[in-house]
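Next come the chains, spelled out residue by residue.
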Amino acid sequence: MTRYLVYTPPSPGHVFPLVPGLLALSARGHHVAVRTAPDLVATLREAGLDAAPIDPRIVAARRPSPGAATPDKPGDLMGLAPVERDDIASAIAQTRAQALLVDAITYGAATHAEASGLPWALTMPSVLPMPGRHIPPYGLGLVRRTDLAGRLRDRALWPLVERIFARSMLPGLNAVRAESGLRALRSPLDPLDRPDGVLVLTQEPLEYPRSDLPTHVEIVGAQVWDPPTEQPGWLDEPGDPWVLVTCSTDYQADEALARAAVEALRDEPVRVLLTLADAYDSATLPAASNVRVERFVPHAAVLPHAAVVVSTAGMGIVQKAMAFGVPVVAVPFGRDQPEIARRVQSAGLGVRLPVRRLTPDRLRDAVRAARAMSSQVRAVAATVDPAANALRFAEAAERLSTDVGRSSSSGPPVAPVV
């Protein structure tokens, strides 16, 4: 048995995709301890995992008060790196961890994982931001091209993307690395080379086909999970098809999507479920008799009834929609969403509508176009095997434990707090 410590940011979109694989890892006889947001601890414990809260300062910084958008650039999070570093060090000591699974955007925790000497892997619940053959520069939402012009474009733009991220990330990250006794990074892509493994929780067609992945990077497949909940009775009531319109769980001032959706769909032969999350208290919406507004309804309860999903192109809802065979209208507002929206379009999983073009008329047309794609999206859903993906994740995590004997030969490993 290996004792795993899993360290995550306080975001359901980064925590919930891990649950199927972590439960599979636990079922294979390992102890899995998770550090996450305080309000997710009970949910994970009910699922069968050992969970405890991360430092409250991290929660306060990553989840500002309602009405304030969460940080969406890597550089915005570098101030948390020392707190994450000390927090994971304490968790390693408390859990007597022998192997570490660290979320890719917890930069301070990843720094300490590297310095700890323990086997460790990054977990990545989004598409892989790594160059490769015929892989367009990450984050720009560019079309994948395999011709000469595309290759030249990618060769020119990848260094530009690296320089942009380097300016915001590397000064703060390298300062924490120096305090931890680690060498400075020269590229913002270097962190993908440091761990023993990188576990990418996506799959084709959202993940572009790659022929040149490093051996430590594994595409383990989409992981889809929501907390068990009682299905609302109104979902089964007879009527027009449901359209799920969902704002970002991590608030990013996306009420404009909610307003446009109400105006676009209030005269359409559909019922609209609009989930607002942290925008619930601040959104002012037009009147519409076919729109039901909720703060949140678990997606697993809604998607079997949905004809279309309209979202900001968060990876969690996009992968859930793919798994349930529901086409997506992707309206990206920021973060990794422009990249994911492009993948949705390229994969034939739905329609991409840039936020600068968002109007009720265009959104109505996009929903109609997405509904026409239902059969091809269901065909993609048939390729998603949640049980196999969870097992693939568990097996990849187990491969880390080949170094546990070395790291624990002198007793339970307790990494120092720097």
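Notes on the structure follow. (Residues numbered from 1 in each chain as written. Predicted model: local features only at pLDDT ≥ 70, side-chain atom pairs only at ≥ 80, totals over all residues. Heavy atoms only, no water.)

1. Observations regarding the environment of Leu363
Along the chain, Leu363 turns up in helix 12 (residues 360-371). Along the backbone, Leu363 and Arg186 are 177 residues apart, and their C-alpha atoms lie at a distance of 42 Å. Here Leu363 is in contact with Leu257, Ala260, Ala261, Ala264, Val310, Val329, Val331, Leu353 and Leu358, once residues within four sequence places are set aside. (Helix = DSSP H or I, 4+ residues; strand = E, 2+ residues; numbered from the N terminus. Contact = heavy atoms within 4.5 Å.)

2. Considerations on the packing of aromatic side chains
Applying the stated rule across the entire model yields two aromatic pairs. Here the aromatic rings of Phe16 and Trp225 are separated by 5.2 Å at their centres, their planes lie at 75°, and the arrangement is edge-to-face. Residue Phe16 is found in the loop between helix 1 (12-15) and helix 2 (19-27), and its partner Trp225 is found in the loop between strand 7 (217-219) and strand 8 (242-246); the two are separated by 209 residues along the sequence. In this structure Phe16 comes out as buried when scored by relative accessible area, which is 10%. (Phe/Tyr/Trp six-rings, centres within 6.5 Å; stacked < 30°, edge-to-face > 60°. Buried < 20%, exposed > 50% of the residue type's maximum accessible area, 1.4 Å probe, protein only.)

3. Quick look at the sheet that holds strand 4 (residues 99-103)
One open sheet holds the seven strands; their spatial order is 3-2-1-4-5-6-7, and the pairing between them is parallel. Two strands in the sheet have a free side with no partner beyond their single neighbour: strand 3 (50-53) and strand 7. Recorded for the sheet is a direction-independent mean angle of 20° between the axes of neighbouring strands. Here strand 5 (residues 120-124) pairs with strand 6 (residues 197-200) via four bridges, running parallel. When the bridges of strand 6 are listed, Leu122 appears paired with Val198. Where helix 2 meets the sheet, it contacts strand 1 (3-7), strand 2 (31-36) and strand 4, and its direction lies at approximately 150° from that of strand 2. Along the sheet, helix 5 (residues 81-95) contacts strand 1, strand 2 and strand 4; its crossing angle with strand 1, the most-contacted strand, is approximately 155°. (Pairing = 2+ DSSP bridges. Axes fitted to C-alpha atoms, helices over the stretch in contact; angles between N-to-C directions.)

4. Focus: the sheet that holds strand 12 (residues 328-330)
Reading across from one edge, 10-9-8-11-12-13 is the order of the six strands in this open sheet, with parallel pairing throughout. This sheet does not close on itself; its edge strands, each paired only once, are strand 10 (291-294) and strand 13 (350-352). Within the sheet, the average angular offset between the axes of one strand and its neighbour, ignoring direction, is 15°. Sheet topology places strand 12 next to strand 13; three bridges connect them, and they run parallel. Each bridged residue has a counterpart across the sheet, and for Val329 the counterpart in strand 13 is Val351. In the packing of helix 8 (residues 255-265) onto the sheet, the strands contacted are strand 8, strand 9 (271-275), strand 10 and strand 11 (306-311), and the crossing angle to strand 8 comes to about 160°.

5. Some words on helix 3 (residues 38-47)
Three or more residues of helix 3 are buried, namely Leu40, Val41 and Leu44. Down the axis, helix 3 shows its buried residues gathered within 120° of arc, on one side only. Facing away from the buried surface of helix 3 by more than 90 degrees, the exposed residues are Arg45 and Glu46. On its buried side, helix 3 packs onto helix 1, helix 2, strand 2 and strand 3. Looking one or two residues beyond helix 3, the residue adopting positive phi is Gly48, at roughly 110°. (Arc of directions from axis to C-beta.)

6. Concerning the pairing of strand 4
Along strand 4, five of the five residues are buried, which leaves the element largely enclosed by surrounding structure. The alternating pattern of strand 4 places Ala99, Leu101 and Asp103 on one face and Leu100 and Val102 on the opposite face, and all of these are buried. Of the strand pairs in this sheet, strand 4 and strand 5 are connected by four bridges, and their pairing is parallel. Counted as the bridge partner of Val102 is Leu122 from strand 5. Following the backbone out of strand 4, through helix 6 (residues 107-116) and into the adjacent parallel strand 5, one traces a crossover that is right-handed. (Right-handed = clockwise from strand over helix to strand, strands pointing away.)

7. A short note on the packing of helix 6 against helix 7 (residues 148-179)
Running from N to C, helix 6 and helix 7 point in directions that differ by 40°, and their axes come no closer than 10 Å. In terms of their interaxial angle, helix 6 and helix 7 are classed as oblique. Two packed elements cross with a definite hand, and for helix 6 against helix 7 that hand is right-handed. Contacts between helix 6 and helix 7 involve Tyr107, Thr111 and Glu114 from the first element and Met169, Leu173, Val176 and Arg177 from the second. Along the lines of polarity and charge, the residues of the contact of helix 6 with helix 7 split into four nonpolar, one polar and two charged. (Parallel < 35°, antiparallel > 145°, perpendicular 65-115°, else oblique. Left-handed = near helix turned anticlockwise from the far one by under 90°. Nonpolar A, V, L, I, M, F, W, Y, C, P; charged D, E, K, R; others polar.)

8. Things to note about the pattern of salt bridges
For the coordinates displayed, the defined rule picks out 16 salt bridges. Note that Glu398 is salt-bridged to Arg28, the shortest N-O span being 2.8 Å. A residue pair is termed long-range when its members are at least 10 positions apart, and Glu398 in helix 14 (residues 386-400) and Arg28 in the loop between helix 2 and strand 2 qualify at 370 residues. With relative accessibility at 38%, the residue Arg28 sits in the partly exposed group. Glu207 is the partner of Arg210 in a salt bridge, and the nearest nitrogen-oxygen pair spans 3.5 Å. Linked by salt bridges that have partners in common, Glu207, Arg210, Glu339 and Arg343 make up one network. (Salt bridge = Lys/Arg side-chain N within 4 Å of Asp/Glu carboxyl O.)

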